[in-house]
Amino acid sequence: IGLTVIANPSPYREYFSSLWPFIDTVFVNEGEAKMLSKDGLRFDPDFCWSKGMKAVVRSLGERGAELHMPANRCFIPALKVPVRDTTGAGDVFLAASLSSALCRNGMIDDTAIGHGVQAAAIAVTREGTFRALPSQEELGAIMRSLGSTL
């Protein structure tokens, strides 16, 4: 039907493994990524491709994020900012990455992940969750800085 399914299995539950064949792109943190394997001990991109996934986005906290696809992998380093509160940073990362993809071509790519990393960097410099969200103007500036528009 042309539907793309994106999941963020957080917090991870054992029954999620039955859903992998229906998911195109999964966003996970380092701990959740370990569940994307046969043994549950270390992240295994080949396991993801065997289940039919097309992309895995793995957030690495203060180090940045990775985009894994069957044919390539890219790493986007985090911005060095003064951290006040990391609550909700992963949600901001996910939302900004998806917004970027949808505003451009609908595909998760290194540009989308870069936008997500930049938005999360703004969020962690502020207290709280909702108040920490980047404004539309800030998101627009992020998009323009990498050659896109919001």
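Structure's up top.
What you are looking at is a predicted structure, and each value in this text was computed from that prediction instead of being measured.

**Section: the layout of surface pockets**
Size it by volume and the largest pocket reaches roughly 660 Å³. Taken together, 28 residues form the lining of the largest pocket, with Ser59, Gly61, Ala89, Gly90 and Ala120 sitting closest to its centre. Counting residues per element, the lining of the largest pocket draws most heavily on helix H3 (residues 89-104), which supplies 5 residues. When the residues that make up the lining of the largest pocket are grouped by side-chain class, the tally is 15 nonpolar, 8 polar and 5 charged. If you add up the space inside the second largest pocket, you get close to 180 Å³. As for the second largest pocket, its lining consists of Leu3, Thr4, Ile6, Asp24, Thr25, Lys54, Ala55, Met69, Gly106, Met107 and Ile108.

**Brief notes about the packing of aromatic side chains**
Taken as a whole, this structure holds 4 aromatic pairs when the rule is applied. Centroid distance Tyr12 to Phe16: 5.6 Å. Interplanar angle 90°. Geometry classified as edge-to-face. Judged by relative accessible area, which is 19%, Tyr12 ranks as buried. Arranged with centres 6.0 Å apart and planes meeting at 65°, the rings of Phe27 and Phe93 form a pair that is edge-to-face. In this pair, Phe27 sits in strand S2 (residues 25-29) while Phe93 sits in helix H3, placing the two residues 66 residues apart along the sequence. You can call Phe27 buried: its relative accessible area is 3%. Among the residues examined, Phe93 registers a relative accessible area of 6% and is labelled buried.

**Details of the sheet that holds S2**
One open sheet accounts for 5 strands, arranged S1-S2-S3-S4-S5; its pairing is mixed. Strands at the two margins of the open sheet, each flanked by one partner only, are strand S1 (6-7) and strand S5 (72-77). As defined by bridge partners, S2 adjoins strand S3 (residues 55-59) across 5 bridges and the pair is classed as parallel. In the sheet register, Val28 faces S3, and the bridge partner there is Arg58. Along the sheet, helix H4 (residues 110-123) makes contact with S3, strand S4 (64-69) and S5, crossing S5 at roughly 25°.

The rules behind the values
Residues numbered from 1 in each chain as written. Predicted model: local features only at pLDDT ≥ 70, side-chain atom pairs only at ≥ 80, totals over all residues. Heavy atoms only, no water. 1 Å grid on protein atoms, 1.4 Å probe; cavity = no way out; pocket = protein on both sides within 12 Å on 5 of 7 lines; lining within 4 Å. Points joined across faces, edges and corners; volume = space filled by probe spheres on them. Helix = DSSP H or I, 4+ residues; strand = E, 2+ residues; numbered from the N terminus. Nonpolar A, V, L, I, M, F, W, Y, C, P; charged D, E, K, R; others polar. Phe/Tyr/Trp six-rings, centres within 6.5 Å; stacked < 30°, edge-to-face > 60°. Buried < 20%, exposed > 50% of the residue type's maximum accessible area, 1.4 Å probe, protein only. Pairing = 2+ DSSP bridges. Contact = heavy atoms within 4.5 Å. Axes fitted to C-alpha atoms, helices over the stretch in contact; angles between N-to-C directions.

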